[in-house]
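As a plain string of letters, each chain reads:
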Amino acid sequence: MSDERDGKIRIGLDARIVPGRWGGVEQVVLGMASALSRLSDGDEEYVFCTYSGNKEWLSKYCSGSCRVLEVQPFESMNERPRGFIKRIQRQVQILHRRRFGHLPHEPKVIVSEAFDVFHFLKQWGFRTRTPNIYHPHDLQHVHLPSLFEPATIQTRERMYRLMANQATLVATCSTWIKQDVERQYGLDPSRVKAVPLAPVTEFEERPSEHVIRSTKKTLNLPNRFIFYPAQLWLHKNHANLIRATAEAQKACESRIHLVFSGRLNEPVYSELLGLTGSLGLEGQVHFLGFVEQAQMKSLYFLAHAVVIPTLYEAASFPLWEAFEAGVPAACSNVTSLPRQAGEAALIFDPHDIEDMARSLVTIWTNEEVRGRLIELGKARIELFTWDRTAKHFRALYRLLAGRGLSAEDRELIDQEARL
């Protein structure tokens, strides 16, 4: 527990990820760090735990009551193994426990911090007796098992269940995921809280025209394009978007360009290149690879539209970011996306190429529809801010730490999620 002399609530947050490889989880970490840093009316201290030697990506987002704590990758309650072989042996032991029913020990540097509350911002965690919040994010492996190896499904199921059962509270970013987690893991609804997130781009100033032009030149972008920022994972459904573009091209006089950001993972990248060639879209599909956050916002302002054809999503950061940037958007009709979009985006079936193509033609050519979507998107995004998200989690931290709650805290805890 925290030192009673200072009266502060000490909250640890698990940010032990490799940047550029965790997709939306990284966005959650950055959003929480930025938003909690801006809270100045509380008496809390927030400590983001990240891997040793890998803190620069996060440190620049932490200020005020937030700081970064470095944790050795293999550190546990036992002494950290020395040497390559011992490190590998230790990692095998950790994976064995994850797969066969035991959570890894709590890293001793985290134990020494004596947190009042610990917040697991990613799906993988450790054993702890500290009151804690766990984010499973989504149960994609349950709904799309064909995209995972059997061993991966088994490992995820064991880890997620162990973490959910250990958790004081389980947090989700949408009502759809909340209900799914309750149903799949038999959790009491009172232990699962839906706390909507928001676009990380809200913390950044609109890029200047010079920066936007520079980004366009540096990345060699076409004058007009549809943007889809997503890792090249199979459930992101890049292939069907390429197929739908080839179909939509038949009804459009101008060439439709697609721009994808996200690491060029193999073998998916090679397969998408092959598909692009077979459909005659050479020169119209652009793979940027990993894009730094500084360039990402310019991409939204350069885009003619944002299209999100995903097969599964807890909630879509690109959809929020399109609304925030004033870009018309279209998205899949899966999971929580229709409720997230409201009337502010075109909705299509991600398995139906013709349905997706119709949305592409509309958002590419129909200025009346585009203008309406832009206005509806701006109104929609006002409901979702990181300031509100940070205050919601702060209220939950205070609740778990047994501290007094303000009227605003109680209202946030009791409110029905808007997503």
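The structure under discussion appears in the preceding block.
Model, not experiment: these values are computed from the prediction.

Quick look at the sheet that holds strand S13 (residues 346-348)
In step 1: With respect to topology, 6 strands assemble into an open sheet ordered S10-S9-S8-S11-S12-S13, the strand pairing being parallel. Looking along the sheet, the strands with just one partner apiece sit at the ends: strand S10 (285-287) and S13. Strand-to-strand twist in this sheet, taken as the mean axis angle between neighbours without regard to direction, amounts to 20 degrees.
In step 2: With 3 bridges connecting them, strand S11 (residues 305-308) and strand S12 (residues 329-332) associate as parallel partners. Note on S12: the bridge partner recorded for isoleucine 308 is cysteine 331.

Here we look at the pattern of salt bridges
In step 1: Taken as a whole and judged by the stated rule, the model has 20 salt bridges.
In step 2: Between lysine 55 and glutamate 70 there is a salt bridge; the shortest N-O distance is 3.9 Å. Highlighted residues: lysine 55 in the loop between strand S2 (44-51) and helix H2 (56-59) and glutamate 70 in strand S3 (residues 66-71), separated in sequence by 15 residues.
In step 3: Given the relative accessible area of 32%, lysine 55 is considered partly exposed.
In step 4: One salt bridge connects arginine 67 with glutamate 113, and the closest N-O pair in it is separated by 2.8 Å. Of the two residues, arginine 67 is situated in strand S3 and glutamate 113 in helix H4 (residues 108-113); the sequence distance between them amounts to 46 residues.
In step 5: On the accessibility criterion, arginine 67 (30% relative accessible area) is partly exposed.
In step 6: Connected through salt bridges with shared partners, the residues Arg10, Glu45, Arg67 and Glu113 form a single ionic network.

About the cut-offs
Residues numbered from 1 in each chain as written. Predicted model: local features only at pLDDT ≥ 70, side-chain atom pairs only at ≥ 80, totals over all residues. Heavy atoms only, no water. Pairing = 2+ DSSP bridges. Helix = DSSP H or I, 4+ residues; strand = E, 2+ residues; numbered from the N terminus. Axes fitted to C-alpha atoms, helices over the stretch in contact; angles between N-to-C directions. Salt bridge = Lys/Arg side-chain N within 4 Å of Asp/Glu carboxyl O. Buried < 20%, exposed > 50% of the residue type's maximum accessible area, 1.4 Å probe, protein only.

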